[in-house]
Amino acid sequence: MAEETIFSKIIRREIPADILFQDELVTAFRDISAQAPTHILIIPNHLIPTANDIKASDEKALGRMMSVAAKLAQEEGIAEDGYRLIMNCNEHAGQEVFHIHMHLVGGHSLGPMLSKNR
Ligand code: AMP
């Protein structure tokens, strides 16, 4: 069984977070270390450690993550200029918290999608 992360505590409101949206499937809150003027994390309420662990039965929550991202982008006023949705998986992508999360980042021009430096 996968181990809970700090994100489960945020979902249960056991530790503080700037929660912007929560329903029966997903929770969205501001990233504690924002990398852009808008930096929000959108997560499923049930624990899925990495993108590799996604099952067909998770599709409803994953779809909700996408529609909540679009709604929050509108609310943040960044929808028209644009934004980026990112999900990191495992070591090569630098995943740090093993409860899948979609980063919604925007608020200024984000530059090329991937760093050219390796
Ligand atoms: P990743 O590298 O894709 O796993 O991203 C993890 C993200 O979680 C980072 O951007 C962190 O700043 C963010 N993070 C970690 N702990 C918290 C927290 N308690 N509240 C909000 N964001 C967090």
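Refer to the structure above for everything that follows.
Being a predicted model, the structure only gives us computed values, none of them experimental.

Draft legend 1. How the structure looks around the overall build of the chain. Scanning the chain from terminus to terminus reveals three helices and five strands. If you list the helices and strands of the chain from N to C, you get α-β-β-β-α-β-α-β. At 14 Å, the chain has a C-alpha radius of gyration in line with the 13 Å of a compact globule built from 118 residues. C-alpha extents for the chain along the principal axes are approximately 40 × 35 × 30 Å. Within the chain, the proportion of its 118 residues that are buried is 36%. In the chain, once contacts between residues fewer than 6 apart in sequence are set aside, the share between residues at least 24 apart is 56%.

Draft legend 2. The arrangement of the packing of aromatic side chains in detail. Applying the stated criterion to the full structure yields one aromatic pair. Seen in terms of ring centroids, Phe-7 and Phe-29 are 5.3 Å apart; in terms of plane orientation they differ by 75°. Their pairing is edge-to-face. Residue Phe-7 is located in helix α1 (residues 6-11), and its partner Phe-29 is located in strand β2 (residues 26-30); the two are separated by 22 residues in the primary sequence. On the basis of relative accessible area, Phe-29 is assigned to the buried category, the value being 2%.

Draft legend 3. Quick look at unusual backbone geometry. A positive phi angle, near 60°, is found at Arg-13, a position not held by glycine. Position of Arg-13 among the secondary structure elements: in the loop between α1 and β1 (19-22). With phi around 65°, Asn-90 is a residue other than glycine that occupies positive phi space. Secondary-structure assignment places Asn-90 in helix α3 (residues 90-93).

Draft legend 4. Representation of the layout of surface pockets within the structure. Approximately 440 Å³ is the volume found for the largest pocket. Together, 22 residues line the largest pocket, and Phe-7, Asp-31, Ile-32, Leu-41 and Val-97 are the ones closest to its centre. Looking at the lining of the largest pocket, the elements with two or more residues in it are α1, β2 and β3 (38-44). For the lining of the largest pocket, a count of residues per class yields 10 nonpolar, eight polar and four charged. The calculated volume of the second largest pocket comes to roughly 330 Å³.

Draft legend 5. Structural context of the sheet that holds β2. Across the sheet, five strands lie side by side as β1-β2-β3-β5-β4; this open sheet has antiparallel pairing. Edge strands, defined here as strands with exactly one partner in the open sheet, are β1 and β4 (83-86). Along the sheet, successive strands turn relative to each other by an average axial angle of 15°, direction set aside. Strand direction decides the pairing type here: β4 and strand β5 (residues 102-106), joined by four bridges, are antiparallel. Bridge pairing links Tyr-83 to Gly-106 in β5. Together, β1, β2, β3, β4 and β5 form the strand contacts of helix α2 (residues 59-76), whose direction differs from that of β3 by roughly 155°.

Rules used in this analysis
Residues numbered from 1 in each chain as written. Predicted model: local features only at pLDDT ≥ 70, side-chain atom pairs only at ≥ 80, totals over all residues. Heavy atoms only, no water. Helix = DSSP H or I, 4+ residues; strand = E, 2+ residues; numbered from the N terminus. Rg over C-alpha atoms; globule rule 2.2 N^0.38 Å. Buried < 20%, exposed > 50% of the residue type's maximum accessible area, 1.4 Å probe, protein only. Contact = heavy atoms within 4.5 Å. Phe/Tyr/Trp six-rings, centres within 6.5 Å; stacked < 30°, edge-to-face > 60°. 1 Å grid on protein atoms, 1.4 Å probe; cavity = no way out; pocket = protein on both sides within 12 Å on 5 of 7 lines; lining within 4 Å. Points joined across faces, edges and corners; volume = space filled by probe spheres on them. Nonpolar A, V, L, I, M, F, W, Y, C, P; charged D, E, K, R; others polar. Pairing = 2+ DSSP bridges. Axes fitted to C-alpha atoms, helices over the stretch in contact; angles between N-to-C directions.

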